[in-house]
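Here are the chains, one letter per residue:
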Amino acid sequence: MKFSVERDALAEAAAWVARALPSRPVIPVLAGLLLHAEPPASGQPGALTLSCFDYEVSARMRIPAEVSEPGTVLVPGRLLVEITRSLPAGRSVDFGPDPEGLSMTCGEAAFTLATLPAGEYPELPDLPQLAGTADGGVLAAAIGQVTPAASRDDTLPMLTAVNLELAGGRMTLAATDRYRMAVRDLGWEPAPGWDDSSALSVLVPARIMADAARMMTASEPARIFLRRGDDGDDGTIGFEAGERRLTTRLLAGEFVRYRSRFPSEFGCTAELPAGAFAEAVRRVALVAERGTPVQLSFAPGRVTVVAATQGQARARESLPADFTGDEPVIAFNPGYLLDGVTAAAGPDAELPAGARVRLRFTSASKPAVITQAAADGPEQFRYLVVPQRAA
């Protein structure tokens, strides 16, 4: 086995695939990355495919390579990532046989990786049936809006998932940890032959959904593959974008009936500048103890954000806001509030200039809903959050 790849492409591929490696592999070979070098064929250039599989999740990525001797080898995955990351950018990395395993050379740096027994590695799963496609940028943004609301408590697996519902040309993503809930609707294109006569809901691990979003890009199709479960099998879902592919087993169980959780009427409505409001909450929350809420007090044309730690510090900040209603005070967990504001305004790292969010509630003890203020027509994103008792 002998091939050469660009360091930058190798570093990106190894880091992305290695995200799917198990943290505590049940058998040693599952800690490996499988490298498969293919020579040019049928007009296609040579390529290196990096992949991993732990019987639950599989990831693979294909990158260009100059292959003089094809072959397959299994190497320690996290070690390969660390070595590749340390190599100088913009250089080529040469791989070749070595009596002790696999040699790896980049300029004056040389490494030898001990190989793992590839014959003991599980067979990588094939993609299930193509269900349809969605714009990669739109789907990635939607995933980024809902996954923060998923639970991290593995004792309740259903709540660690994103509920993905397909109904005709509409896809709905929903996640909850019981204290807040995020729901996003978007369009998708069912594949020819896909049965879309009735709505289908599946539970996808939120962590895998977040990893899938990282492989998607704007204006490029993201392909969604799905195999429904049967007796003793919960089914499989796969995502493919460009040369990246990710599959995972679906989770068993039924998601909460989330649509009925959203109130149909509200007594109070506030519209706020998303960026200024988020920054104010971040600053004021610096003095809040763990579990201490930030309090919002509304007055004509303004909102005041307040937080305090008993006997240590207190903070307050005011900013413009439009408010109508007769219950002017409500308090929230600052992290939950920030997740809702940033997701409603825009899932990007930086909030769009001029973005505004709408906060609606009825009382200080009933769930509030955050949406984008400027949304015309049906709301594509909704974020329900349970208030806390003010300190």
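Residues numbered from 1 in each chain as written. Predicted model: local features only at pLDDT ≥ 70, side-chain atom pairs only at ≥ 80, totals over all residues. Heavy atoms only, no water.

A. Representation of the overall build of the chain within the structure. If you tally the helices and strands in the chain, you get six helices and 27 strands. Dimensions of the chain, computed from the C-alpha atoms along their principal axes, are close to 75 × 55 × 40 Å. Expressed as a percentage of contacts within the chain between residues at least 6 apart in sequence, the contacts between residues at least 24 apart total 66%. Approximately 18600 Å² of the chain is accessible, and the part contributed by carbon and sulfur atoms is 49%. (Helix = DSSP H or I, 4+ residues; strand = E, 2+ residues; numbered from the N terminus. Contact = heavy atoms within 4.5 Å. Areas by Shrake-Rupley, 256 points an atom, 1.4 Å probe, with all protein chains shown as cover.)

B. Region of the structure containing the packing of helix H1 (residues 7–18) against helix H2 (residues 77–86). Interaxial distance between H1 and H2 falls to 9 Å at its minimum, and their mutual angle equals 150°. In this structure, the crossing between H1 and H2 has a hand that is left-handed. Residues Arg7, Leu10, Ala11, Ala14, Ala15 and Ala18 of H1 touch H2, and the partners they reach there are Arg78, Val81, Thr84 and Arg85. The residue makeup of the contact of H1 with H2, split by class, is six nonpolar, one polar and three charged. (Axes fitted to C-alpha atoms, helices over the stretch in contact; angles between N-to-C directions. Left-handed = near helix turned anticlockwise from the far one by under 90°. Nonpolar A, V, L, I, M, F, W, Y, C, P; charged D, E, K, R; others polar.)

C. Representation of the environment of threonine 160 in the model. Counting through the fold element by element, threonine 160 comes out in the loop between helix H3 (136–146) and strand S11 (161–167). Judged by relative accessible area, threonine 160 falls into the buried class, the value being 15%. (Buried < 20%, exposed > 50% of the residue type's maximum accessible area, 1.4 Å probe, protein only.)

D. Representation of the sheet that holds strand S7 (residues 92–98) within the structure. Across the sheet, which stays open at both edges, the five strands sit in the order S5-S1-S7-S8-S9 with antiparallel pairing between neighbours. Edge positions in the sheet fall to strand S5 (66–69) and strand S9 (109–113), since each has one partner strand and no second. The average angle at which neighbouring strand axes cross in this sheet is 20°, direction not considered. Two strands pair when backbone bridges link them, and strand S8 (residues 101–106) and S9 are joined in this way by five bridges, in the antiparallel orientation. Paired with leucine 102 across the bridge in S9 is leucine 113. Each of strand S1 (2–6), S7 and S8 is contacted by H1, which is oriented at about 90° to S1, the strand it contacts most. Strand contacts of H2: S8 and S9, with the helix running at about 175° to S9, the strand carrying the most contacts. (Pairing = 2+ DSSP bridges.)

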